Amino acid sequence: MTTTIDSLRQHQLIILRRLRGGPLTEFELVSEVVASTGFTVEQAMDRMAEWLDELRQEGLLWAGALTNANGQTMWAAALTRRGQELVA
């Protein structure tokens, strides 16, 4: 199935458009989603990994978990070429 702008949910579109400027962490993306939707910070934090994975499965972005020296994990994402073409 080919993804189009019209088929994206609001939070997905916000994530993709925000990634046009370059890779971001889940924390940066959460603040963008919260500022533009009815999601709370807690809701967005709880679901961000799932949302990024959905978009990754569509081939629109790269998303992966990064771990620091203290063993803390966070997600980061960047647009793929297909994602860039969709939100250009």
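Everything below is about the structure printed above this text.
A brief look at the structure comes next. Given the structure is predicted, the values throughout are model-derived calculations rather than measurements.

1. A few points about the pairing of strand β3 (residues 73-79)
- In this structure, strand β1 (residues 24-25) lies alongside β3, joined through 2 bridges in antiparallel fashion. Opposite Leu24, over in β3, you have Ala77 as the bridge partner.
- Both strand β2 (residues 61-67) and β3 contribute to a ladder of 7 bridges, which runs antiparallel. What sits directly across from Leu61, in β3, is Leu79.
- The loop that links β2 with its antiparallel partner β3 comprises 5 residues; one of these, Gly71, has a positive phi angle of about 80 degrees.

2. Focus on the sheet that holds β3
- The 3 strands lie next to each other as β1-β3-β2, forming an open sheet whose pairing is antiparallel. The outermost strands of the open sheet, each flanked by one partner alone, are β1 and β2.

3. Points about the environment of Leu16
- Within the secondary structure, Leu16 is located in helix α1 (residues 10-18).
- Here Leu16 falls in the buried class, since its relative accessible area comes to 0%.
- Once the C-alpha coordinates of Leu16 and Ala76 are considered, the two residues, 60 residues apart in sequence, prove to be 13 Å apart.
- Leave out the neighbours within four places in its chain, and Leu16 touches Leu8, Leu55, Leu60, Leu61, Leu79, Leu86 and Val87.

4. Looking at the side chain of Gln12
- Positionally, Gln12 belongs in helix α1.
- At 2.9 Å, the side chain of Gln12 forms a polar contact with the backbone nitrogen of Arg9.
- Not counting chain neighbours up to four residues away, the residues in contact with Gln12 comprise Glu54 and Leu55.

Rules behind the numbers
Residues numbered from 1 in each chain as written. Predicted model: local features only at pLDDT ≥ 70, side-chain atom pairs only at ≥ 80, totals over all residues. Heavy atoms only, no water. Pairing = 2+ DSSP bridges. Helix = DSSP H or I, 4+ residues; strand = E, 2+ residues; numbered from the N terminus. Buried < 20%, exposed > 50% of the residue type's maximum accessible area, 1.4 Å probe, protein only. Contact = heavy atoms within 4.5 Å. Polar contact = N/O pair within 3.5 Å; in protein donor to acceptor, adjacent residues only side chain to side chain.

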